[in-house]
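Observations on the model geometry
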Amino acid sequence: MDPHISAMRPEPVATSGRANAVRALRSRPFRWYFAGQIASASGSFVQSTAIGWLVLQLTGSPASLGVVLAAGGVPPLLLGPWGGVIADRVDLRRLLIGTQIAFGLLAALLWLAAATGHAGVALVVAITVVSGIVQIVDAPARQSFVAQLVPPADLASAAAVNGIVQNSARVVGPALAGVLIATIGTTPCFAVNAISYLAVIAALVLIRPLPTTAPVTAHPGGVAAALRYARTRQQLWLPLTMMALVGVLAFNFPVILPVFAEHTFHGTGGTYGLLSAMLSIGSVAGSFAVGLIRHPRRLYLVAAAAAFAAGLTLTAVVPNLITACIALAVTGCAAFGFVTLASTALQLHADPAYRGRIMALWVFVFLGTTPIGSILTGWIIDTSGPRAALLTGAAACLIAAAVAARVHTPPHPDDVP
């Protein structure tokens, strides 16, 4: 074993205490961060909804929309793990200020182009690709930065609160975009997103991370060093492996739900919106529930993955729209409960010197594989229908749960079973 690795220890973890899903908000730095994220997350979903409508207006082609949606996932797919190398070597607060400024400028450029009638598909694709490049360093930096804003005992709560913000924005953002598009058009949606970044930039300027017991120095090495480090700790490689199995085949709702709404239930765009909203409502509940847990034990990961499989199976066999809405709420609760648990486990057990690279691996297996999963899921839908795609995702979740349940590798001395 690498002597540098064997000497490293994760931050201490409290495993007991009063359950409070939002206890992370007791930390002033995290409250500032939370406030900024509310505005930024909602603005991002407003813009993504408007981009979809704009591209369809410009081209009338769902295929063109698919190209735009896939474009942003290409940079993380190719280079995602290397973003953590940067996150481990620079001041995270300053890095995040830079990435938020970049996102804000890109949104402002799209706003200006739309306002002047120059927002063509090529420009939208270019902005989406550049945003994906910025995302390579932004995503692991954001995941790692949260650990500097709360005590280790409140990290699960912080991850849950972040999940609540993101999943609530999935409901609020598209709803607000729908109102704006219907009343004054798509251009104001891009303005809303650009302006929303002012809130998160202001919050990051005001934030001062909690004092640490010792300065964090990144361990030399790149992605290979992080992989070697993760391989030595069950509480790191197991969540990454589970997410790799689940992420490719189970988290493809943007591909499945439109077809499910139109072909299975013979609905309209409103039906798709309803199904998406129910999934998001469930995901908020799942994130909130995880906030009651102080430590994401392996048993919880197994249970969440199995529950995700059950939810997908239930959704695949429901006979009507009402039961589909109920099933998707259950699925969202289990799915995002699993995601929050796994993410929290990685943040708790990764040494701060490696945390950026570990979280970059997490972002890669969760989001960077989206283009691959979308293609596979699309093929399954074309050949066997959306219900088969849901059952395939359920099978992947069951395999992940079985792998975690049958692990016999002796854990690291600091790991909690």
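Figured I'd write up the structure that's included with this text. (Residues numbered from 1 in each chain as written. Predicted model: local features only at pLDDT ≥ 70, side-chain atom pairs only at ≥ 80, totals over all residues. Heavy atoms only, no water.)

What about the overall build of the protein?
Put simply, the rule reads: Counting from the N terminus, the helices are the DSSP runs of H or I reaching at least four residues and the strands are the DSSP runs of E reaching at least two. Burial here depends on accessible area, computed with a 1.4 Å probe over protein chains only, as a share of the maximum for the residue type. Under 20% is buried, over 50% is exposed, and the range in between is partly exposed. Contact criterion: two residues are considered in contact whenever any of their non-hydrogen atoms come within 4.5 Å of each other. Here, Shrake-Rupley sampling with a 1.4 Å probe gives the accessible areas, and only protein chains in the shown set may cover a residue.
What the protein contains, in helices and strands, is 17 helices and zero strands. Burial analysis of the protein (417 residues in total) assigns 51% to the buried set. For the protein, contacts bridging at least 24 residues in sequence account for 88% of all contacts bridging at least 6. Carbon and sulfur atoms form 70% of the exposed surface of the protein, whose accessible area is close to 17,400 Å².

Points about the nonpolar core
Here is the rule we go by: Residues belong to a common nonpolar core when they are buried Ala, Val, Leu, Ile, Met, Phe, Trp, Tyr or Cys residues joined through side-chain atoms within 4.5 Å.
In terms of nonpolar packing, the biggest core is built from 64 residues, with Met243, Val246, Phe251, Phe308, Phe338, Ile358 and Trp362 touching the most fellow members. Examining the composition of this core, we find that 12 residues originate from one element, helix H14 (residues 321-349), more than from any other. Setting aside chain neighbours within four positions, we find Met243 in contact with Phe251, Phe338, Val339, Trp362, Val365 and Phe366. Listed in part, the 26 residues of the second largest apolar core include Leu92, Leu96, Phe103 and Ala141.

Examining helix H16 (residues 370-384)
Put simply, the rule reads: Expected helix span is computed as 1.5 Å times (number of residues minus one).
Along its 15 residues, H16 runs 20 Å from first to last C-alpha, staying within 8% of the 21 Å computed at 1.5 Å per residue. Within H16 the residues assigned to the buried category are Pro371, Gly373, Thr377, Gly378, Ile380 and Ile381. Residues of H16 that are buried in the fold lie against helix H4 (74-87), helix H10 (234-250), helix H11 (253-264), helix H15 (355-368) and helix H17 (386-405).

Details of the pattern of salt bridges
Keep this limit in mind: Basic side-chain nitrogens of Lys or Arg form a salt bridge, by our definition, when they fall within 4 Å of a carboxyl oxygen of Asp or Glu.
Throughout the structure, instances matching the rule amount to three salt bridges. Across the salt bridge formed by Asp88 and Arg357, the nearest N and O atoms sit 2.6 Å from each other. Here Arg357 lies in helix H15 and Asp88 lies in the loop between H4 and helix H5 (92-115), a separation of 269 residues in the sequence. Residue classification places Asp88 among the buried residues on the basis of a relative accessible area of 12%. Under the relative-accessibility criterion, Arg357 is labelled buried at 1%. Between Asp138 and Arg142 there is a salt bridge, and its shortest N-O distance comes to 2.7 Å. Taken together, the residues Asp138 and Arg142, both in helix H6 (residues 121-146) and four residues apart, mark about one turn of the helix. Residue classification places Arg142 among the partly exposed positions, given a relative accessible area of 22%.

Concerning the packing of aromatic side chains
Rules: For this analysis, a ring pair means two rings from Phe, Tyr or Trp (six-membered ring only for Trp) whose centres lie within 6.5 Å, classed as stacked if their planes differ by under 30 degrees, edge-to-face if by over 60, and tilted for the remaining angles.
Enumeration according to the criterion identifies 10 aromatic pairs in this entry. Each ring, one from Phe30 and one from Tyr33, has its centre 6.3 Å from the other, and the planes form 35 degrees; the classification is tilted. Pair noted here: Phe30 and Tyr33 are both in helix H2 (residues 28-59), with a separation of three residues, about one helical turn. For the pair Phe30 and Tyr33, one class covers both residues: buried.

The values are spatial; any link to function lies outside them.
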